[in-house]
Every structure is written in C-alpha cells, then in structure tokens.
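Here is how the chains run, residue by residue.
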Amino acid sequence: MSVVPVFLYHAVADDAPSWLAPYTVSPRTFAEQLDMVADSGLTVVPLRRLVAALLGGPPVPPRSAVLTFDDGYADFASTVAPLLAARGLPSTLYVTTGALSPEGGPPGRGPFPSVATLDRARVRELDAAGVEIGGHSVTHPQLDTLPRASVREEVTGCKRDIEDTLGHRVDAFAYPHGYSSRAVRALVREAGWTSAAAIRADSAFSSETDDPLRFARLMVRADTGRERFARWTGGEGAPVAPFAEGARTRGWRAYRRTRAAIGLPYRALPASPARSA
Ligand SMILES: [Zn+2]
C-alpha cells in the first residue's frame, strides 16, 4: 500500500494571534519544510490526483505528497503562494466563506478574530494562478454536532459562494476541525463535493485505499519540530488511514455533542472567543 502524506497547514506567519499561534509556522520554517519535502524525494502532486486514485482511477506516483491549507488566511496570498510558485508546487486552499474579507474594505468579523483573511478578489487571483480552491464551510462549526439542516446550509452555502466567486465548480471540501460523522459525510456527498479532507487520530498518513470523503492528513503545527517532520517525509511517525474509528473518537464526539446540546460548545482554546483553526 502506498503511503501518502497530505500535509495540513493553517497560517504561515511570524505574528499570529495567540489563539492561532499553535497552528502557525513561520515563513522560514515553512520554506525549510518545503526543502525537506523535496530533499526526501517526495513529489508533490495536485490533490485531484490523489482523489482520482481514491475513486478508482490511476494510482499516484510512488512517494507522492499533497499540500493543503485550511481556513483562508491572508498570508496564503502574501507568503505561501510565492514560496510554492517559486518551487512549482501545487496546493489546495480550503476557504471558510463566512470569514472572507469584504473586497476593498477592512477585514470582516467572523470565526477568526484578529487575523487578516483573504477577500474574494484574492481568491480569484489564486484560482487563476492554479491554486485549487476548496470549501471549508461557511462559519467553521463542528459539523458533527449540528442538526442536519444546519449541516446542509454549511456545506451547500459554502460551495455555492465559492462557485459564484470563481465562475466554475469546485470539488474539494475540508471538515472544520477535521470532524465528520457518517451523516455529515452523506450530506457532503449530496452537496456535490467529491472529496473531503479530515484529521484522523490527530495526524495520519493517507493512502491509496483511504476514504475520499474523509482522507487523513498530517497537521503541521508550531511545535511539530524538524525531527517529526523529517519522519513524516520518510513515511513514518503516524498511523496510515484507513482505520476504524476508535472508541476514544466516539466518546469524544458524544462529549462535544452533549456540550453543543446544552449550549456550551466545546472550544479547543477556552480563553479565546474563537474556535480552534
Ligand atoms: Zn479550519
């Protein structure tokens, strides 16, 4: 079985707000990590190649990797895209449509306070430059704790907004916080998304037998470290999806659902008004 690292980044910046800092890498670290990917002999392929393989199409080349970026922070355009373009690397950017900034105006309010997000003009430019734009819901909720009607609004509203913005269809979705359930995945498929990125067991490798509607990713954080990242580029240091959902994951979801039902949703970072990235 071919092990496929699908790297997940959030912000790439030197000055992230405190709630986002644990999910942020510096531009310098990010550039080093891109060099490590290249030096390890990995080939970065577009996400659609992996998705095609997961849907029964041609296999990805041996030692393939994928680069993904969640949320839609402004640093993707100013910092990430130039570094990727200089290396000729493909990427997928999952945007939270309710957090996009108004064009020509100050940053909007939304699920990501105190941090600049992309506006629609930038998203169009990135799309035109070859970055795959995907969806990451409207308001970045934990979809597996919401009623069906709300999930449907989040996954269809986000798709419609991006497609209206870009003028063409988009296929790739990523679950906010990585959370999904069987019911959420069914609604994502019904909305027309052909793939959906998850986070399994904190970080895991994807593979050619992974589930296209919850493929696993490796979350690169501020504290990931060179050694761990190097192991990941060598295909080691994390489990390989697909694997069965564990009792801990089920118990954790039950806890989060209970909190949501009593109006006290779980927040990854309680001191902040925002949920985690
Ligand atoms: Zn997110």
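Residues numbered from 1 in each chain as written. Predicted model: local features only at pLDDT ≥ 70, side-chain atom pairs only at ≥ 80, totals over all residues. Heavy atoms only, no water.

Caption draft 1: Inspection of the overall build of the protein at higher detail. Assigned secondary structure in the protein consists of eight helices and 12 strands. Buried positions account for 50% of the 277 residues belonging to the protein. Here the analysis covers contacts within the protein between residues at least 6 apart in sequence; of these, 65% occur between residues at least 24 apart. Accessible surface, the protein as shown: approximately 12,100 Å² in total, 53% of it carbon and sulfur. (Helix = DSSP H or I, 4+ residues; strand = E, 2+ residues; numbered from the N terminus. Buried < 20%, exposed > 50% of the residue type's maximum accessible area, 1.4 Å probe, protein only. Contact = heavy atoms within 4.5 Å. Areas by Shrake-Rupley, 256 points an atom, 1.4 Å probe, with all protein chains shown as cover.)

Caption draft 2: Structural detail: the packing of aromatic side chains. Inspection of the entire model under this criterion finds nine aromatic pairs. Taken together, a centroid distance of 4.9 Å and an interplanar angle of 90 degrees make the contact between Tyr9 and Phe30 edge-to-face. Separated by 21 residues along the polypeptide, Tyr9 in strand β2 (residues 6-9) and Phe30 in helix α1 (residues 27-39) bring together distant segments of the chain. Relative accessible area serves as the criterion here: at 1%, Tyr9 is assigned to the buried category. By relative accessible area, Phe30 is classed as buried at 0%. (Phe/Tyr/Trp six-rings, centres within 6.5 Å; stacked < 30°, edge-to-face > 60°.)

Caption draft 3: Here's a closer look at the packing of α1 against helix α7 (residues 225-233). Packing of α1 against α7 leaves a shortest axis separation of 9 Å and a crossing angle of 35 degrees. Here the hand of the crossing between α1 and α7 comes out right-handed. Residues Glu32, Gln33, Met36 and Val37 of α1 form the contact with α7, whose own contacting residues are Arg226, Phe229, Ala230 and Thr233. Tallied by class, residues from the contact of α1 with α7 come to four nonpolar, two polar and two charged. (Axes fitted to C-alpha atoms, helices over the stretch in contact; angles between N-to-C directions. Left-handed = near helix turned anticlockwise from the far one by under 90°. Nonpolar A, V, L, I, M, F, W, Y, C, P; charged D, E, K, R; others polar.)

Caption draft 4: Spatial organisation of α1. Taking 1.5 Å per residue as the helical rise, α1 with its 13 residues ought to reach 18 Å, and the 18 Å between its terminal C-alpha atoms agrees with that figure. Among the residues of α1, Phe30, Ala31, Gln33, Leu34, Met36 and Val37 are the ones counted as buried. Remark: Gly41 follows α1 within two positions and exhibits a positive phi of approximately 90 degrees. (Expected span 1.5 Å × (residues − 1).)

Caption draft 5: Seen up close, the pattern of salt bridges. Applying the stated criterion to the full structure yields 12 salt bridges. A salt bridge links Arg253 to Asp144; the nearest nitrogen and oxygen atoms lie 3.0 Å apart. Within this pair, whereas Arg253 is found in helix α8 (residues 247-261), its partner Asp144 is found in the loop between β8 (132-135) and α5 (148-166), the two being separated by 109 residues in sequence. With a relative accessible area of 3%, Asp144 lands in the buried category. (Salt bridge = Lys/Arg side-chain N within 4 Å of Asp/Glu carboxyl O.)

Caption draft 6: The confidence of the model for the protein, seen in detail. Of all residues in the protein, 92% attain a pLDDT of 70 or more, and the chain-wide mean is 91. This model gives residues 269-277 a pLDDT under 50, and the stretch forms 31 contacts once residues within four places in sequence are excluded. (pLDDT = per-residue confidence, 0-100.)

Caption draft 7: Seen up close, the pairing of strand β6 (residues 64-71). Taking burial as the measure, the eight residues of β6 include eight buried ones, the bulk of the element. Where β2 and β6 come together, four bridges link them in parallel fashion. When the sheet's bridge partners are listed, Val6 is paired in β6 with Val66. Sheet analysis places β6 next to strand β7 (residues 92-95), joined by four bridges and oriented parallel. Bridging from a neighbouring strand, Asp71 pairs with Val95 of β7. Once the chain exits β6 it traverses helix α3 (residues 75-87) before rejoining the sheet at β7, and the crossover so formed is right-handed. (Pairing = 2+ DSSP bridges. Right-handed = clockwise from strand over helix to strand, strands pointing away.)

Caption draft 8: The environment of Arg250, seen in detail. By secondary structure assignment, the location of Arg250 is in helix α8. Put simply, Arg250 and Glu132 are 118 residues apart on the chain and 32 Å apart in space, counted from C-alpha to C-alpha.

Caption draft 9: Spatial organisation of the packing of helix α4 (residues 120-128) against α5. As a packed pair, α4 and α5 sit with axes 9 Å apart at the nearest point and diverge in direction by 70 degrees. Classed by the angle they form, the pair α4 and α5 counts as roughly perpendicular. Contacts between α4 and α5 pair Arg120, Val123, Arg124 and Asp127 from the former with Asp161, Thr165 and Leu166 from the latter. Residues belonging to the contact of α4 with α5 are distributed by class as follows: two nonpolar, one polar and four charged. (Parallel < 35°, antiparallel > 145°, perpendicular 65-115°, else oblique.)

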